[in-house]
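Each chain, written out:
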Amino acid sequence: MMPGSSAVRQQYSAQDIELRRQYVGLTGDDLQRIAGIRSLVAGKATEFADVFFDFLRPFDVAAGLLRHAALLSEVTRLKRLHILDMVGGEYDAEYASRRAQLAVLYGQAGIDVRVFLGAFHHVMRAIGIDIMHQGSGTDPEAAFLSFMSLKKVGFFDIGIIVDLLIDERERTISLQQVAVRELSTPVLQVRDRLLVLPIIGVIDTQRAKQLTDSMLHAIRANRARVVVMDITGVAAVDSRVANHLMQSAAAARLMGAKTIITGISAEVAQVLVMLGGDSLLVHAVGDLQGGIEEAERLLGLQVVPIVPA
Amino acid sequence: MTVPILKQGSVLIACVQSALTDGELSQLRDELAQGIGRYRATGVIVDVSAVDVLDSFGSRTLRSIVFIARLRGAETVVVGIQPEVAYAMVQLGLTMEGIATALDMEEGLALLHAVPRARRGV
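Residues numbered from 1 in each chain as written. Chains lettered and ligands numbered in written order. Predicted model: local features only at pLDDT ≥ 70, side-chain atom pairs only at ≥ 80, totals over all residues. Heavy atoms only, no water.

Considerations on the interface of chain A and chain B
As a reminder, the rule being used: Contacts were defined at the residue level, with two residues in contact if any of their heavy atoms lie within 4.5 Å. Note on terms: buried area is the combined drop in 1.4 Å-probe accessible area of two parts once they are placed together, counting the loss on both. Salt bridges are defined as contacts in which a side-chain nitrogen from Lys or Arg sits within 4 Å of a carboxyl oxygen from Asp or Glu. Polar contact criterion, stated in full: a pair of N or O atoms within 3.5 Å, where within protein one must be able to donate a hydrogen and the other to accept it, and residues adjacent in sequence count only if both atoms are side-chain atoms. Numbering of helices and strands runs from the N terminus, with a helix taken as a DSSP run of H or I at least four residues long and a strand as a DSSP run of E at least two residues long. Only Asp, Glu, Lys and Arg are considered charged, only Ala, Val, Leu, Ile, Met, Phe, Trp, Tyr, Cys and Pro nonpolar, and every remaining residue, Gly among them, polar.
Tallying the contact residues gives 16 residues for chain A and 21 residues for chain B. Summing the contributions of chain A and of chain B, the shared interface buries around 1,700 Å²; its carbon and sulfur component is 55%. It is Arg223, Arg253 and Leu254 of chain A that lose the most area in chain A upon contact with chain B, and together they represent 38% of the buried surface on that side. Across the contact surface, chain A and chain B share four salt bridges. For Arg193 of chain A, the salt bridge is made with Glu107 of chain B, and the minimal N-O distance between the two is 2.2 Å. Seen at the junction of chain A and chain B, the total is eleven residue pairs in polar contact (both at pLDDT 80 or more). Mapped onto the side of chain A that touches chain B, the elements with two or more residues apiece are α9 (205–222) and α10 (239–254) of chain A. Tallying contributions element by element places α9 of chain A first for the side of chain A that touches chain B, with six residues. Taken together, the residues of the side of chain A that touches chain B sort by class into six nonpolar, four polar and six charged.

Structure below.
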């Protein structure tokens, strides 16, 4: 067990580990060869770990990590352990969890896949040079094979670490998506029986459903007869979005409410015409003001100035 | 369960109170077709506010009710389609083009009373 780490431990099943070992082709022969270079690599573990951080030094992405002393010392400790482990001969779930722990810290430090691969490559290169250097006098071929075996372990580790770095990124993206989705689409009543729906941002299937849903419920709650949907703030309209808008309008009609769409920009209008179909059937008015005026006309309302002009 | 058909002035009101079988829907269609002639109705309201699912047969029958009534000289308004039902119908492509819809009974009656006035205005 690793003390002093707050990171959640990643669990790997024996099956997953076995599969990963098969992917990189790690066999009993490899384990034997690695055993032969164990003392050499383990003896210089600190040195090799330093190669990793020396590589990072000139890059902006690593600035956060290098400035953060506590994080750096933890990562350095884990990195050194990583190199000792690589020649340790035990490549099991426990081994994978320890690499995962390191990957989580990389993620926190903002080291992405590209930077990690670059740095790790340098470490492997340094180890490779040492192995070849020592083995060149006696048996260069055996030294090369040993290094290739160690390289399999390296790729085994890369598989685990890159997986986690990508997971971390996907998690960030999905959190952002949730945040955007939670920006609710307001349905506003501006006159008796008249609702306005300002739509801003990107409409995806999930949001379109939510939008239609809240509109239909608002129609019932406010007894609306006209809904003005303003899409001035919708950057891009493709066939799916157009379809969503049409479906919302059709559903509103089934509930007895008429939908007016306003704020269709020149670009969006061109896209809609290109897409053809029933998009031409919508009741569209240039801007929101015009839409509300049209809706008032439909409702038989008239706005008059208090003092006759 | 048969659908009661009420008469209110020159308007026939059919309140569908639960999900109907295909047979009951057809029966409703036939009774309305006859009722329009018998009561000399000029308007029909079909209230589906208690219905939580409208499939393609249901909406096709509603459609045929509307067109039969129109041929018999009465305008039909379908009222009370619930938000979930409306959304599901649109997903299925059942948009009931050319059929008048209204939020509830009150709106439906207002719409029916407005239509003849509009006709007289022309």
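Now that the structure is up, let's keep going.
Looking at the pattern of salt bridges
The condition that has to hold: The buried label applies to any residue whose accessible area, calculated with a 1.4 Å probe on protein chains only, is under 20% of its type's maximum; exposed applies above 50%, and partly exposed to all values in between.
Taken as a whole, this structure holds 21 salt bridges over all chains when the rule is applied. Salt-bridge contacts for Arg114 of chain A lead to Asp112 of chain A; the nearest nitrogen and oxygen are separated by 2.6 Å. On the basis of relative accessible area, Arg114 of chain A is assigned to the exposed category, the value being 66%. For Asp112 of chain A, a relative accessible area of 21% gives the class partly exposed. Three or more residues are tied together by salt bridges with common partners; here these are Arg193 and Arg223 of chain A together with Asp104, Glu106 and Glu107 of chain B.

Quick look at helix α6 (residues 93–109) of chain A
In an α-helix there are 3.6 residues to a turn, and that puts residues three or four apart on one side. Residue and element names in this part refer to chain A. Here is the rule: Expected helix span is computed as 1.5 Å times (number of residues minus one).
Here α6 spans 24 Å end to end across 17 residues, near enough to the 24 Å set by a 1.5 Å rise per residue. Buried within α6 we find Tyr95, Ala96, Ser97, Arg98, Arg99, Ala100, Gln101, Leu102, Ala103, Leu105, Tyr106 and Ala109. Gly110, located one to two residues past α6, shows a positive phi value of around 85 degrees.

Considering the packing of aromatic side chains
Residues and elements named next belong to chain A. What counts is decided by this rule: Between the rings of Phe, Tyr and Trp (Trp by its six-membered ring), a pair exists once the centres lie within 6.5 Å; its type follows the angle of the planes, with under 30 degrees stacked, over 60 edge-to-face, and the other angles tilted. Charge over a ring is defined by NZ of Lys or CZ of Arg lying within 6 Å of the ring centre and within 35 degrees of the ring normal.
Counted under the stated rule, the structure contains eight aromatic pairs over all chains. What links up through ring pairs into an aromatic cluster is the set Phe52, Phe53, Tyr106, Phe116 and Phe120. The lysine or arginine in question, Lys79, covers the ring of Phe52, its NZ or CZ lying 4.1 Å from the ring centre. One Lys or Arg, Arg99, reaches over the ring of Tyr95 and ends 4.6 Å from the middle of that ring.

Observations concerning empty space enclosed by the protein
All names here are of chain A. The test is simple: Buried and open spaces are told apart on a 1 Å grid over the protein atoms alone, a cavity being a set of points where a 1.4 Å probe fits but cannot get out and a pocket being an open set with protein on both sides within 12 Å along at least five of seven lines. Residues with an atom within 4 Å of a point are the lining residues. Grid points are joined across faces, edges and corners, and a volume is the space filled by probe spheres set on the points.
This model, assessed by the stated rule, comprises one cavity of 30 Å³ or more. Its volume calculated, the largest cavity comes out at about 50 Å³. Lining the largest cavity, in full, are Ile231, Val237, Ala242, Leu245, Met246, Ile261, Ile264, Val268, Leu272 and Val282. Elements that contribute at least two residues to the lining of the largest cavity include exactly α10 and α11 (266–275). With three residues, α10 is the largest single contributor of residues to the lining of the largest cavity.

As for the confidence of the model for chain B
Short version of the rule: Scored between 0 and 100, pLDDT is the confidence that the predictor attaches to each residue.
With 93% of its residues at a pLDDT of at least 70, chain B reaches an overall mean of 88. Both scores are available for the predicted complex, with the pTM at 0.58 and the ipTM at 0.79.

A few points about the sheet that holds strand β3 (residues 226–233) of chain A
Residue and element names in this part refer to chain A. Quick reminder of the rule: At least two DSSP bridges between two strands are needed for those strands to be called paired. Working convention: axes come from line fits to C-alpha atoms, limited for helices to the stretch in contact. Angles between N-to-C directions cover 0 to 180 degrees.
On the basis of which strands lie adjacent, the open sheet formed by five strands has the order β1-β2-β3-β4-β5 and mixed pairing. One side of each edge strand has no neighbouring strand; the edge strands of this open sheet are β1 (188–191) and β5 (283–285). Taken pair by pair, the neighbouring strands of this sheet meet at an average axis angle of 30 degrees, ignoring direction. Sheet topology note: the β1/strand β2 (residues 194–200) ladder contains three bridges and is antiparallel. Its bridge partner being in β2, Arg191 is matched across the sheet by Leu194. Across the face of the sheet, α10 comes into contact with β2, β3 and β4 (258–262) while running at roughly 150 degrees to β4.

Things to note about the layout of surface pockets
Residue and element names in this part refer to chain A. Of the pockets and cavities examined, the largest pocket occupies roughly 970 Å³. Ala249, Arg253, Ala257, Lys258 and Thr259 are, among the 32 residues lining the largest pocket, the residues nearest its centre. If one sorts the elements of the lining of the largest pocket by residue count, α10 sits on top with six residues. Here the lining of the largest pocket is built from residues that sort into 16 nonpolar, nine polar and seven charged.

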